[in-house]
Amino acid sequence: MQTGLKRTRRLFAVLVSAFVMACGSAAWAAPDELRGEVTDAAGGAIAGARLELRAADGAAVVTTSTVRNGRFTISASPGAYVLAARRAGFEPASEKVVLPAAAPLSIRLTRADVVVQSLTVNAPERQVVAGPGVSATGANDYAATAQDIVNLPTGGTTPMTDVLAQMPGVAIDQNQQIHIRNTEGPQFQYQINGVLVPLDINTNPPFLSMINPQFVQRLDLLDGILPARYSYATGGVVDIQTKDGCDEPGGSFTILGGQRDLVQPSGQYGGCAGKFSYYVSGLYTQGNDAFSSATPGPDPIHDFTQQGQAFGFFAYHLNPSTRLSLLLSAAASDNQLPNQAGLAPQFVLAGVADFPSAKINSYLNFRDYLAIVALNGSVGSDVTYQLAYSAHFISEAFKPDNDGELIYQGVASTATHQDLDHTLEGDVTAQVGQQTFGAGFYAAAYRVTVNDSSLVFPLVFHGQRFSFATGVGPPPPPGGVAPPIPPGGPGSPGEGGIPLTTPILIVDNVGATNVVLGFYVSDLWRISDRLAADVGARLDYLSGFTNHKQFDPTFNLTYQLTDRASLHAGFARYMQVPSFQGLSPTLSKAFNFTTAQQTPGGPTPLTEDDYEWDVGLVYHLSPHITLSQDNYYELTRHYLDTGQFGVVPIFAPFNYDHGDIWGSEFAVRYAADKLTAYANLTIGQNWQKGVVTGQFNFEPNELAVIDTRGFQLDHQPLVGASAGLSYRLGPYVFALDGVFSNGLHGGFADHEVLPYVAQLNGAVERSFQVPGVGRIVNRLTIVNLFDRTNLIRPAEGIGIFQAAYAPRFTVQDSLTIPF
């Protein structure tokens, strides 16, 4: 332990010394600042305008974006430059500048007649500035720009779930999983450049998300009452606009390293030529942080990961009003499953005398490949359309250490679950007077194959062994299910089954094609200058493992109380689709009369039916400060949750019978030239009662409690908060962010409240202007500044098979070089 602490201190001292030496080096010229603002023809501020400071030879020296009030600050060495500005929807402009500048600079952009780069049918859902807001249809809209992501302590490669955790209503969970508005992880959708990503993307644990913030130009979290275009997820929509080569010309390379054996090189490059634009990025990660640590110590046991992710976006303008685009993404990882030392063996395996639990060598690996082809266009000035095709392949593979899993769990399952899907979706909007009519469809086929091969110990009843091959043996107990193994461990006397010491193999393979069809119509009616109504309806159909059809209405009102305040309220019904990659629906039955037997129950999940009400207020206190407050209540029928069947770490869906969810969210954001700060507070609960499918996820006594009285789910704490700030001082940037919760629930029937969780992260960044190279950025980051031990999950809980702890004090350093 002392040796580990000494190594950590030495590493910290070396990194800090290197950072200080680099910051103080006299080899770098002290930069000067250029201040200014970007406005439209009427003098209104333009936020998110892209600025590029170019040298005499045309090379980009500094790139940045305007903040909420349209202002910007650029640091560069003295000299003559050209400052170019562009923003989607406006004609580009440029100005000659000389540093040091005598006065602030003002650049005015004029609107373009036709801009196809911003053509997405859901454009009304996107607000203009970052922070809390409300969309045109009345949905809550919390936005973050690429610069907001870069301003986080961990920078532009911050995991997507950590980005979202800094927004109201989002709670962090084990393995980088998140919950939005007290819902289970799969209950929100991703949308990229206006195209809905296939629904099974969320079955892939977000720690390996194919959505890498490095390629995000803008991210909007939409929740509350969503328009009829969205139906399959009640938690919300993560709406992403990717970087475009014309807006992000040039590239950069970043190398990140730190404790826990972390090494992460990444790069990005974009450009455009005439009608064609492109943007590509790639990232590789290795380190000892594949999953949340199963132990409270600073270094997880057996938790090494190797991950890779590649992304490409390519667009070609067929004519001034039509764009054809291709999005490609690939992600893969091989991950050790973390261990705990000193566990007591639970079973006896013939031929194996001594097997410490720390030596178990099991893996959980993932593959994810996505391609989207989209055609976006307009007919005249009043009609827009989108047609998109997606092909997606995702797989999860659990590779157990057979000896270790059998000795400590009584089952070793080699499980491979794959999903190959094809999706076609189309949308059209038409502006008629003060009304915007919309219609569209979603059609998808998800081909799921599940292959499970399990080694288990057979049980002996009254000295007789049941034959799985012939069915010959003692008569099964009442209900056809073997009694549980008696207390006391393997071989204990009693009337239950006694496990043998030689395992047998059970193979259970199954496949199905799940078809999802949906159709919607909507009408966004601007009743007056202050009042708007969004009304819609959709019809959905699901077949495959689960069969269901449902009609869902949505209604939302938005009222402009004053020039600074907007009120919105509405109601919607949603149909939540079960995860397509759960365990085989016949697997639990196949394990009868073995050490992996489970409580009986419905193997096939049902769709979830939700009724939601939402009311909220957004108030712009000043040009720099925005406040929002939102409240929601949701009645659920057949609420979908996920748990782990036995010890296979692949989540299986199941349904509670009925319940309700409520919550209240508060957000505030401050944005000025040098300082950006925000804070969010969320309170809420998710209460459910009864289990109608997947009862095998529960112990019988726990199931009896849940079926007789309601209980609070462990998806979100009663009180949660997040906050952060970023301050620029010349070439330096200082950043902080943090999360707090009063603890998730766990233990028997989730009746135990865990200790509170608090984590604060910090960073300091120094930029250098290097002649002939550009702006080099060095960033020193410390995760969990106060080295608090945060227990996220206990070893016991619904759908939980081992404890999970948040990261301990960790030092990281990154260097970004443009090219």
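Residues numbered from 1 in each chain as written. Predicted model: local features only at pLDDT ≥ 70, side-chain atom pairs only at ≥ 80, totals over all residues. Heavy atoms only, no water.

Caption draft 1: Molecular detail of the confidence of the model for the protein chain. Summary statistics for the protein chain give a mean pLDDT of 82 and a share of 82% for residues scoring 70 or more. For residues 113-128, every residue scores under 50 in pLDDT, and the model assigns this stretch 64 contacts once sequence neighbours within four places are set aside. Segment residues 466-496: pLDDT under 50, and 59 contacts once partners within four positions in sequence are set aside and those in other chains are kept. (pLDDT = per-residue confidence, 0-100. Contact = heavy atoms within 4.5 Å.)

Caption draft 2: Just helix H6 (residues 700-708), in detail. Taken residue by residue, H6 has Glu702, Leu703, Val705 and Ile706 as its buried positions. The arc enclosing the buried residues of H6, seen along the axis, measures out at 160 degrees, which places them on a common side. Facing away from the buried side of H6 by more than 90 degrees, the exposed set consists of Pro700 and Thr708. Turning to H6, the residues buried within the fold contact strand S35 (651-671), strand S36 (675-693) and strand S37 (711-712). (Buried < 20%, exposed > 50% of the residue type's maximum accessible area, 1.4 Å probe, protein only. Helix = DSSP H or I, 4+ residues; strand = E, 2+ residues; numbered from the N terminus. Arc of directions from axis to C-beta.)

Caption draft 3: Looking closely at unusual backbone geometry. Note that the residue after Leu99, namely Pro100, is joined by a cis bond; omega there is 0 degrees. On the secondary structure map, Pro100 appears in the loop between strand S6 (93-99) and strand S7 (105-108). With a phi close to 65 degrees, His638 is a non-glycine residue in the positive phi region. Locating His638 in the fold gives a position in the loop between strand S33 (625-637) and strand S34 (640-644). On the accessibility criterion, His638 (19% relative accessible area) is buried.

Caption draft 4: Representation of the nonpolar core in the model. Residues Met160, Leu164, Met167, Leu219 and Val238 are the most contacted members of the largest nonpolar core, which totals 34 residues. Counting 21 residues, the second largest nonpolar core, distinct from the first, contains Leu222, Leu226, Tyr442 and Met575. (Core = buried A, V, L, I, M, F, W, Y, C linked by side-chain atoms within 4.5 Å.)

Caption draft 5: Focus on the pairing of strand S16 (residues 250-258). In this sheet, strand S17 (residues 262-273) lies alongside S16 in antiparallel orientation, the contact comprising nine bridges. Paired with Gly251 across the bridge in S17 is Tyr269. As consecutive antiparallel partners, S16 and S17 are separated by three residues, and within that stretch Arg260 has a phi angle of approximately 60 degrees, a positive value. Note that S16 and strand S46 (residues 810-818) share seven bridges and pair antiparallel. In the strand pairing of S46, Leu256 is matched with Ser814. (Pairing = 2+ DSSP bridges.)

Caption draft 6: Quick peek at the sheet that holds strand S12 (residues 189-192). Strand order in this open sheet of six strands is S8-S9-S14-S15-S12-S13, and the pairing throughout is mixed. Pairing within the sheet leaves two strands with one partner each, and these edge strands are strand S8 (131-134) and strand S13 (195-196). Bridge count for strand S9 (residues 140-145) against strand S14 (residues 216-223) is six bridges, and the pairing is antiparallel. When the sheet's bridge partners are listed, Tyr142 is paired in S14 with Leu221.

Caption draft 7: Main features of the sheet that holds strand S3 (residues 60-65). An order of S3-S2-S5-S6 is seen for the four strands of this open sheet, with the pairing classed as antiparallel. Sheet topology places S3 and S6 at the edges, where each strand pairs with a single neighbour. On average, each strand axis in the sheet is inclined to that of its neighbour by 25 degrees, with strand direction left out of account. (Axes fitted to C-alpha atoms, helices over the stretch in contact; angles between N-to-C directions.)

Caption draft 8: Structural view of the side chain of Asp641. Note on placement: Asp641 falls in strand S34. Nearest to the buried, unbridged Asp641 among oppositely charged side chains is Arg793, at 7.3 Å. Within the local environment of Asp641, its side chain forms a polar contact with the side chain of Tyr656, the two groups lying 3.4 Å apart. Apart from the residues lying within four places of it in its own chain, the contact partners of Asp641 are Glu184, Ala652, Pro653, Phe654, Tyr656, Leu713 and His715. (Lys, Arg positive; Asp, Glu negative; His and termini not counted. Salt bridge = Lys/Arg side-chain N within 4 Å of Asp/Glu carboxyl O. Polar contact = N/O pair within 3.5 Å; in protein donor to acceptor, adjacent residues only side chain to side chain.)

Caption draft 9: Helix H4 (residues 402-409), seen in detail. All of the buried residues in H4 are Gly404, Glu405, Leu406, Ile407 and Tyr408. In the core, the buried residues of H4 are packed alongside strand S22 (383-399), strand S23 (411-432) and strand S24 (435-456). Immediately downstream of H4, the backbone of Gly410 shows phi near 85 degrees, a positive value.

Caption draft 10: Looking closely at a nonpolar patch on the surface. On the surface, Phe276, Tyr316, Leu318, Leu324, Leu326, Leu328, Val373, Leu387, Tyr389 and Leu424 cluster together to form a nonpolar patch covering roughly 780 Å² of accessible area. Of all the secondary-structure elements, those providing two or more residues to the nonpolar patch are strand S19 (305-319), strand S20 (322-335) and S22. (Patch = residues over 30% accessible without salt bridge, like charges linked within 9 Å, V, L, I, M, F, W, Y side chains within 5 Å. Areas by Shrake-Rupley, 256 points an atom, 1.4 Å probe, with all protein chains shown as cover.)

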